[in-house]
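Coordinate inspection notes
Listed below, chain by chain, are the residues.
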Amino acid sequence: MVRHMPRASGENIFVKFGKSMSRIGKKPVTIPAGAEATLSANILSVKGPKGTLSFTHRREVAIAIEGTEITVSKIGSTKLASALWGTTAKVAANMLEGVTTGFTKQLELNGVGYRMNLQGNKLVMALGFSHPVEMVIPEGLEAKIENNVLTISGIDKQQVGQFASIIKKKRPVEPYKGKGFRYEDEVIRRKQGKKSA
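Below: a short report on this structure. Computed from a predicted structure; not experimentally measured. (Residues numbered from 1 in each chain as written. Predicted model: local features only at pLDDT ≥ 70, side-chain atom pairs only at ≥ 80, totals over all residues. Heavy atoms only, no water.)

1. Structural notes on the side chain of Asn94
- Take Asn94: it is sitting in helix α3 (residues 79-100).
- The contacts of Asn94, once residues within four sequence positions are left out, are Phe103 and Lys157. (Helix = DSSP H or I, 4+ residues; strand = E, 2+ residues; numbered from the N terminus. Contact = heavy atoms within 4.5 Å.)

Laid out in structure tokens, this is it:
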């Protein structure tokens, strides 16, 4: 199945990253061994051992495939074109990484009585509420649980990150006892509880 990536926006990206996105756009994107890229009109498609992704780029940029490299060039000199230049190159690089090695996000769940398990394509969590929290795992993603660590994996970086973020918001880690979800590499600044007089 071909997964379609969302179109790059760019309007807010320039405000955040400015010229750094233009520097990214200047660098060709290397097509790794085991992957292939094709271009049809304004649709870039990449295929690798883990799957296929496609992306419709904006008219403010142009994409070319030359040998084992993908190059992105901007059309015009507007701020939007400059922002989309680097953004489109980054999207292409992420697509190629996704179909060759994939992306993962790991969430650690801590807290007495907090637990999670997989039931078919559903993630069922006990998070201290009066009822279990259930979430359907989106198509294109895989979930695995080992002890108290949930690993989300897939070829679409944005989809992996977005789903992990939604799960984390169900019970974000609190700073006093460290209960809740935290990313594996997340550093939590612990706070001391109020001391009784």
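Further notes follow.
2. Observations concerning the sheet that holds strand β2 (residues 29-30)
- With antiparallel pairing, the three strands of this open sheet are ordered in space as β2-β7-β6. Edge strands, defined here as strands with exactly one partner in the open sheet, are β2 and β6 (61-66).
- Bridging between β2 and strand β7 (residues 69-74) involves two bridges; their strand directions are antiparallel. By the bridge assignment, Thr30 is partnered in β7 with Glu69. (Pairing = 2+ DSSP bridges.)

3. A word on the sheet that holds strand β11 (residues 133-136)
- Pairing is antiparallel across the open sheet formed by three strands, whose spatial order is β9-β10-β11. Strand pairing shows two members of the sheet lacking a second neighbour, β9 (115-119) and β11, which therefore form its edges. Averaged over all neighbouring strand pairs, the angle between strand axes comes to 20°, with direction disregarded.
- In this structure, β9 lies alongside strand β10 (residues 122-126), joined through five bridges in antiparallel fashion. The partner of Arg115 across the bridge, within β10, is Ala126.
- Strands in contact with helix α4 (residues 157-170) are β10 and β11; relative to β11, the strand with the most contacts, it is inclined by about 175°. (Axes fitted to C-alpha atoms, helices over the stretch in contact; angles between N-to-C directions.)

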